Amino acid sequence: MMKSVMVTTMRPPKTNPASADTRQRLIDAAAKLFADKGFQNVTVREICKASTANVAAVNYHFGDKAGLYRAVITLAMEVMRETNELSQRAGDGLSPEEQIRGFVRVFVSRLTGDGPTSWIHRLMAREMEHPTEALEQVMTHVVMPRLEYLAGVAGQVMDLPPSDPRVKRCIASLQMQCLIAVRRIPPVLEKTFGPAMRDIDAAINHIADFSIGGMKAIAAGK
């Protein structure tokens, strides 16, 4: 069974430059391995080999594999909070409808990128399927603030309180569409629907249009 992975108990980083470099290499290598294979299926030896670090380095820097996983989750949360902030700032000063559009555009664009943090979505998908104690931290500090923001904006679009069940269902639908848009499209769907399935810009516009239209229709009782 996996040991506790509560983010708040992570050890402080070592301050020596060479030590800090080794620590970061371990985090970078572990992040991709955990995302691709899951916590239970990755060994410390694999992580050390991928990061060209001594086999004792994980224990030295993090205490054990669970400690390293905490560090990976902490990094993921920092990036996800940044995505939340940028997605929300995209609609600053705009109408509620344009705030929804700005959120979807930035949120989906960041999750579909091929940058050095592209592992985060895969890791979070694994957390949802096989949750550890880290999931509660992610929900509290990342997901719930995002949903509260969306509920406030959707409530304005629908002229309903953010706590209304219709608003909550709409933002759940919006979030699921965004998350599905960043998943790898199965070949059978690409064959059926053609290049349109790979057009992220079109998907972003569709999600926003579909969601806003649905919110207004539901609020009107149609």
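Residues numbered from 1 in each chain as written. Predicted model: local features only at pLDDT ≥ 70, side-chain atom pairs only at ≥ 80, totals over all residues. Heavy atoms only, no water.

Asker: Sorry, what's going on with the overall build of the protein here?
Answerer: For the protein, the count of helices and strands is ten helices and zero strands. Each helix and strand of the protein, placed in order from N terminus to C terminus, yields the pattern α-α-α-α-α-α-α-α-α-α. Taking all 222 residues of the protein together, 42% fall into the buried category. Of the contacts formed within the protein by residues at least 6 apart in sequence, a portion of 73% connects residues at least 24 apart. Only carbon and sulfur atoms are counted for the fraction: they give 57% of the accessible area of the protein, which is about 12100 Å². (Helix = DSSP H or I, 4+ residues; strand = E, 2+ residues; numbered from the N terminus. Buried < 20%, exposed > 50% of the residue type's maximum accessible area, 1.4 Å probe, protein only. Contact = heavy atoms within 4.5 Å. Areas by Shrake-Rupley, 256 points an atom, 1.4 Å probe, with all protein chains shown as cover.)

Asker: Would you mind showing me how to read the environment of Lys32 here?
Answerer: Within the secondary structure layout, Lys32 lies in helix 1 (residues 17-37). On a C-alpha basis, the gap between Lys32 and Arg122 in space is 8.9 Å, while along the polypeptide they are 90 residues apart. Excluding residues within four positions of it along the chain, Lys32 makes contact with Pro116, Trp119 and Arg122.

Asker: Which parts of the structure should I look at to understand the packing of helix 4 (residues 65-89) against helix 6 (residues 119-129)?
Answerer: Each pair of packed helices can be described by the angle between their axes along with the distance between the axes. Between helix 4 and helix 6, whose axes approach to 11 Å, the crossing angle comes to 115 degrees. The way helix 4 lies across helix 6 gives a crossing that is left-handed. Note on element contacts: helix 6 touches helix 4 through Trp119, Ile120, Leu123, Met124 and Glu127, opposite Tyr69, Val72, Ile73, Leu75, Ala76, Val79 and Met80. Here the contact of helix 4 with helix 6 is composed, by residue class, of eleven nonpolar, no polar and one charged. (Axes fitted to C-alpha atoms, helices over the stretch in contact; angles between N-to-C directions. Left-handed = near helix turned anticlockwise from the far one by under 90°. Nonpolar A, V, L, I, M, F, W, Y, C, P; charged D, E, K, R; others polar.)

Asker: For this particular structure, what's the right way to read the packing of aromatic side chains?
Answerer: The geometry of an aromatic ring pair is captured by two quantities: the separation of the ring centres and the angle between the planes. Across all of its chains, the model carries five aromatic pairs by this definition. Between Phe34 and Tyr69, the aromatic rings sit 5.1 Å apart at their centres with planes inclined by 80 degrees, giving edge-to-face as the arrangement. With Phe34 in helix 1 and Tyr69 in helix 4, the pair connects residues that are 35 residues apart, well separated along the chain. Accessibility classification places Phe34 together with Tyr69 in one group, the buried group. Members of the aromatic cluster, joined through ring pairs, are Phe34, Phe39 and Tyr69. (Phe/Tyr/Trp six-rings, centres within 6.5 Å; stacked < 30°, edge-to-face > 60°.)

Asker: Where do I start with the pattern of salt bridges in this structure?
Answerer: Any two side chains of opposite charge can pair, so long as their charged atoms come close to each other. Counting across every chain of the model gives nine salt bridges. The partner of Arg110 in a salt bridge is Glu82, and the shortest N-O contact between them spans 2.8 Å. You can see Arg110 sitting in helix 5 (residues 96-111) and its partner Glu82 sitting in helix 4, a full 28 residues away along the chain. Each of Glu98, Arg101 and Asp209 takes part in one network of salt bridges that share partners. (Salt bridge = Lys/Arg side-chain N within 4 Å of Asp/Glu carboxyl O.)

Asker: Could you clarify how one ought to interpret helix 8 (residues 165-181) in this entry?
Answerer: Three- or four-residue spacings in an α-helix give side chains the same orientation, since the helix completes a turn every 3.6 residues. The terminal C-alpha atoms of helix 8 lie 24 Å apart, and with 17 residues this matches the ideal 24 Å at 1.5 Å per residue to within 8%. Contacts made by the buried residues of helix 8 are with helix 5, helix 7 (134-158) and helix 10 (200-219). For helix 8, the side-chain oxygen to backbone nitrogen distance between the N-cap and Arg166 is 2.8 Å, and the N-cap itself is Asp164. (Expected span 1.5 Å × (residues − 1). Polar contact = N/O pair within 3.5 Å; in protein donor to acceptor, adjacent residues only side chain to side chain.)

Asker: I keep staring at the nonpolar core and nothing clicks. Help me out?
Answerer: Side chains of a nonpolar character, in soluble globular proteins, are inclined to be buried together. With 33 residues, the main nonpolar core has Leu26, Phe34, Leu68 and Leu123 as its most contacted residues. Of all the secondary structure elements, the ones that give two or more residues to this core are helix 1, helix 2 (44-50), helix 3 (57-62), helix 4, helix 6 and helix 7. Not counting residues within four places of it along the chain, the set of residues in contact with Leu68 comprises Leu26, Ile27, Ala30, Phe34, Ile47, Val58 and Phe62. Of all hydrophobic cores here, the second largest spans 24 residues; its members include Phe103, Ala151, Cys170 and Leu174. (Core = buried A, V, L, I, M, F, W, Y, C linked by side-chain atoms within 4.5 Å.)

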